[in-house]
Amino acid sequence: MADEQPGLFGELNPPPAIIPSAPPYKSGTPFLPGLKAGEGYPDIKDCQELQAMARGCQRCILRSTCRQVVFGTGSLECGIMFVGEGPGKDEDEQGVPFVGRAGQLLDKILTAAEFDRPEVYITNVVKCRPPGNRLPNPDEVKACRVYLEAQIRLLQPRLIVCLGSAATQAIIDPKARISQVRGRWFARAGIRIMATYHPAALLRNPDYKRPVWEDFKLIRDEYRGTGGQSSAKE
Ligand code: SF4
């Protein structure tokens, strides 16, 4: 089968040149669904400053139980942003997103799709660890989305990849079900968005391996500009 993967996901042919990102998003309208203009997302153009603001945040209860705020890592100019749900125990300890078992799996998937982890940007919907690694609740997502909105405005990615249902609902549609929307391109304000299963879900259910790989091939091709015409929906 073409594009079949040895090892975890396979070795791909040498990639074509990556097309540099174009700044797509300049609207004053909030990008995230449900976020109203003036709801308080910080209009900060400096990532360090934004990160410092998040470090001092106490907008929700998660800050009272986590060790530290896990803001995001990677290239600010790469044009692609991966968004997970929230930090887990390892991330809370190290202050870096996706470094536990799920993060190690994400690294392997990124490598198989010929992304360099330091060259993509990775963050979460909520920046503080939900106790016991539970999903963030709607109030916590609502409180923290101002930082995600600010990150999107600052990075202006061409592509956003939602890893798991919390990111899918925060970014694509609060009513979206990941099993129904994954693997499809959506577009909003010039940014193309795709949802796929969270690597932690992949660890629990190996049946997700195939669809995740299919999604990452589409993401890889779109990032390189070789994905052709897609049926993205505004
Ligand atoms: S999860 Fe987000 S909103 Fe809540 S305290 Fe942490 S940074 Fe602030």
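No experiment lies behind these values; they were computed from the predicted model shown.

**Student:** Please provide a residue-by-residue account of the site of the ligand, values included.
**Tutor:** Contacts to the ligand come from 15 residues, most closely from Cys 57, Cys 60, Arg 63, Cys 128 and Cys 144. The element best represented in the shell around the ligand is helix H4 (residues 138–155), accounting for 4 residues.

**Student:** Lay out the sheet that holds strand S3 (residues 121–124) in plain terms, naming residues and giving numbers.
**Tutor:** Strand order in the open sheet made by the 6 strands is S1-S3-S2-S4-S6-S5, with mixed pairing throughout. Two strands close off the open sheet at either side, each with one partner strand: strand S1 (73–74) and strand S5 (186–188). Bridging between S1 and S3 involves 2 bridges; their strand directions are antiparallel. Looking across to S3, one finds that Thr 73 is bridged to Ile 122.

**Student:** Account for the confidence of the model for the protein chain, with residues named and values stated.
**Tutor:** When pLDDT is averaged along the protein chain, the result is 87; 83% of the residues meet or exceed 70. Per-residue pLDDT stays below 50 along residues 1–24; that stretch engages in 34 contacts with residues further than four places along the chain or on separate chains. Under a pLDDT of 50 for its full length, residues 228–234 has, in the predicted model, 10 contacts with residues more than four places off or in other chains.

**Student:** Got a sec to walk through helix H8 (residues 209–224)? Specific residues and values, please.
**Tutor:** Taking 1.5 Å per residue, 16 residues should reach 22 Å; H8 reaches 22 Å between its end C-alpha atoms and fits that length. Elements in contact with the buried residues of H8: strand S2 (80–84), helix H3 (101–112), strand S4 (159–163), strand S6 (191–196) and helix H7 (199–204). Looking one or two places after H8, you find Gly 225, whose phi comes out positive at around 80°.

Calculation notes
- Residues numbered from 1 in each chain as written.
- Predicted model: local features only at pLDDT ≥ 70, side-chain atom pairs only at ≥ 80, totals over all residues.
- Near = placed C-beta within 6 Å.
- Helix = DSSP H or I, 4+ residues; strand = E, 2+ residues; numbered from the N terminus.
- Pairing = 2+ DSSP bridges.
- pLDDT = per-residue confidence, 0-100.
- Contact = placed C-beta atoms within 7 Å.
- Expected span 1.5 Å × (residues − 1).

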